[in-house]
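# Descriptive structure summary
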Amino acid sequence: MTKRPEHCLTIPFTNNNGLLEVNGHSLNAVIAQVGQTPFYAYDKSIMTTQVETFRQYFPEISLHYAMKANPMPDVVNYMSTLVDGLDIASGGEMKVALASSTTADEISFAGPGKSRTELAQAIEAGITLNIESEFELEQIVSIAQQGSREPRVAIRVNPDFELKASGMKMAGGPKPFGIDAERVPALLKSMKNLPVHFRGFHIFSGSQNLKPEALIEAHQKTFELALALSKYAPSPVELLNIGGGFGIPYFPGESELDLRPVADNMNKLLPDVKKQLPNAEIVIELGRFLVGPAGVYICEVTDIKESRGKTYVIANGGLHHHLAASGNFGQIIRKNYPVAIANKMDSQEKQEVSIVGPLCTPLDILADNMLLPNIQRGDLVAVFQSGAYGFSASPHGFLSQPMVKEVLV
Ligand SMILES: Cc1ncc(COP(=O)(O)O)c(C=O)c1O
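Thresholds applied
Residue positions are given per chain, counted from 1 along the sequence in the order it is written. Selection of residues for local features in this predicted model requires a pLDDT of at least 70, selection of side-chain atom pairs for listing and counting requires 80 or more, and totals for whole chains, interfaces and linings are taken over all residues. The helix and strand labels rest on DSSP assignments: H or I over at least four residues marks a helix, E over at least two residues marks a strand, and numbering proceeds from the N terminus. Put simply, the radius of gyration uses C-alpha atoms, and a globule should come to 2.2 Å times the residue count raised to 0.38. We call two residues in contact whenever the C-beta atoms placed from their backbones are within 7 Å. Nearness rests on one distance test: the residue's C-beta atom, set from the backbone, must lie within 6 Å of the molecule or strand. Classification convention: Asp, Glu, Lys, Arg as charged; Ala, Val, Leu, Ile, Met, Phe, Trp, Tyr, Cys, Pro as nonpolar; all other residues, Gly among them, as polar. Here a residue counts as buried when 20 or more other C-beta atoms fall within 10 Å of its C-beta, as exposed when 12 or fewer do, and as partly exposed in between; the C-beta atoms come from the backbone. At least two bridges found by DSSP between two strands are what make those strands a pair. Classification remark: right-handed applies to a crossover when, strands pointing away from the viewer, the course from the first strand over the helix to the second runs clockwise. What a helix should span is 1.5 Å times the count of its residues minus one. The arc in question is the one traced by the directions running from the helix axis out to the C-beta atoms.

### Describing the overall build of the protein chain
Along its length, the protein chain carries 11 helices and 22 strands. Relative to a compact globule of 409 residues, whose C-alpha radius of gyration would be 22 Å, the protein chain shows 23 Å and is just as compact. When the backbone C-alpha atoms are referred to their principal axes, the protein chain occupies close to 70 × 45 × 35 Å. For the protein chain, the share of sequence-separated contacts (at least 6 apart) that also reach a separation of at least 24 residues comes to 71%.

### Comments concerning the site of the ligand
Taken together, 16 residues lie near the ligand, and Ala-66, Ala-69, Ser-207, Gly-287 and Arg-288 sit nearest. Broken down by secondary-structure element, the contributors of at least two residues to the shell around the ligand are β13 (206–209), β15 (281–286) and α10 (288–291). For the shell around the ligand, a count of residues per class yields 8 nonpolar, 4 polar and 4 charged.

### Considering the pairing of strand β6 (residues 85–88)
Burial along β6 is two-sided: Gly-85 and Asp-87 facing one way and Leu-86 and Ile-88 facing the other are all buried. Inspection of the sheet shows strand β5 (residues 62–66) paired to β6 by 3 bridges, in the parallel sense. Across the sheet, Ala-66 pairs through a bridge with Asp-87, a residue of β6. A crossover links β5 with its parallel partner β6, the connecting element being helix α3 (residues 73–82), and its sense is right-handed. With helix α4 (residues 91–98) bridging β6 and its parallel neighbour strand β7 (residues 107–109), the resulting β-α-β unit is right-handed.

### A few points about the sheet that holds strand β3 (residues 25–26)
Across the sheet, which stays open at both edges, the 3 strands sit in the order β1-β2-β3 with antiparallel pairing between neighbours. With one partner strand each, in any of the chains shown, β1 (15–16) and β3 form the two edges of the open sheet. Bridge count for β1 against strand β2 (residues 19–22) is 2 bridges, and the pairing is antiparallel. The residue bridging Asn-16 from the neighbouring strand is Leu-19, located in β2.

### Things to note about helix α2 (residues 44–57)
Helix length check: α2, at 14 residues, gives a terminal C-alpha distance of 20 Å against a target of 20 Å (1.5 Å per residue), a fit within 8%. Buried within α2 are the following residues: Ile-46, Met-47, Gln-50, Val-51 and Phe-54. The arc that holds the buried residues of α2, viewed along the axis, is 140 degrees, so those residues lie on one side. Turned more than 90 degrees from where α2 packs its buried face, Glu-52 and Gln-56 sit exposed. If you follow the buried residues of α2, they end up packed against β5, α3 and α10.

### With respect to the environment of Phe-251
Structurally, Phe-251 is set in the loop between β14 (239–241) and α9 (259–276). Residues Phe-251 and Asn-336, 85 residues apart in the sequence, show an inter-C-alpha distance of 6.1 Å. Those residues in contact with Phe-251, other than ones at most four positions away along the chain, are Lys-335 and Asn-336.

These results come straight from atomic positions and should not be treated as a statement about function.
In structure tokens, the structure reads:
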């Protein structure tokens, strides 16, 4: 048996006699409620804990939920009761956000290439638009000139630095997101006489970061940049969204982000920022940190095959439902998500197997050469850390397999 690195993260789900529980409900009860496998289950209590953890470390900062991580309406409705605002990225997300308990003045809309219809709807609703280009501002002004509500706008800045060691770098250098920092002063000056309500800045530098020192450096540079740009602002800055980027561990060798040093640094920086921008609400927007650990993807073993010395466990779910766990969503070298057998959570026996899905492609892998309990047909495969970029980031139409369901528990 090959020696493989194992996952060392603590899974926040409990089990009863080896059967997984979701928010205190046995998995069998959840399956009965959903009526099928495969499905995603999202545990409210874990979302609540994630929000509480953030609040404990960052009591002076407003928390927005970045809906793109998981736009399921039930999840968004639940999150909206816990957080201070929502960040949306499309007209579709706007509809869900506006139907939640969050009011439009606590919703912000970021993303390049917003359509004129999306801009007009957001303006009408009173949502803050994070402007991604000079042309977008022109569009907004032309909508305003046709007699709409006064648009509420912030400038999304493409900073001149990146969030180092991020799973996804979204700033620094040439990027399609935001307006290059060096062009922002001129844009701000041009806004003086425009029919828009300038609110502030959105500076998002990266995602999926587990390194406190990288976040600390980014926070420092973000505040420096915001303070420098604010000198050109047409009116006092009332909103400073400093992005997010808090990561969660997925793979062997990764561990939880240590928030203590990030919070200590924030406490050092905040007094000066508040002094210089006394009217500004400071916001962090997070997606995966809040909902990622709360989600588990469940599918069922339908067949077990041996091929030239290797054991393949075939499941009724895979890449088409959970692209990220298959390793095809931004991974360069494929690594296993934390996978377990949900009805054998306390089994000590281990065998090396690969779990694959029903698609006719070698990319359809849920677990590659993992040590797992002895598996039989009918056993339930659980893929943890699946609450973010799972369902919504997957190619559901691929090979016309049955649809996966979602449930909030
Ligand atoms: C503008 C913006 N905000 C928030 C997020 C959410 O990031 P995460 O889910 O890693 O917290 C992203 C992710 O790409 C983003 O682009």
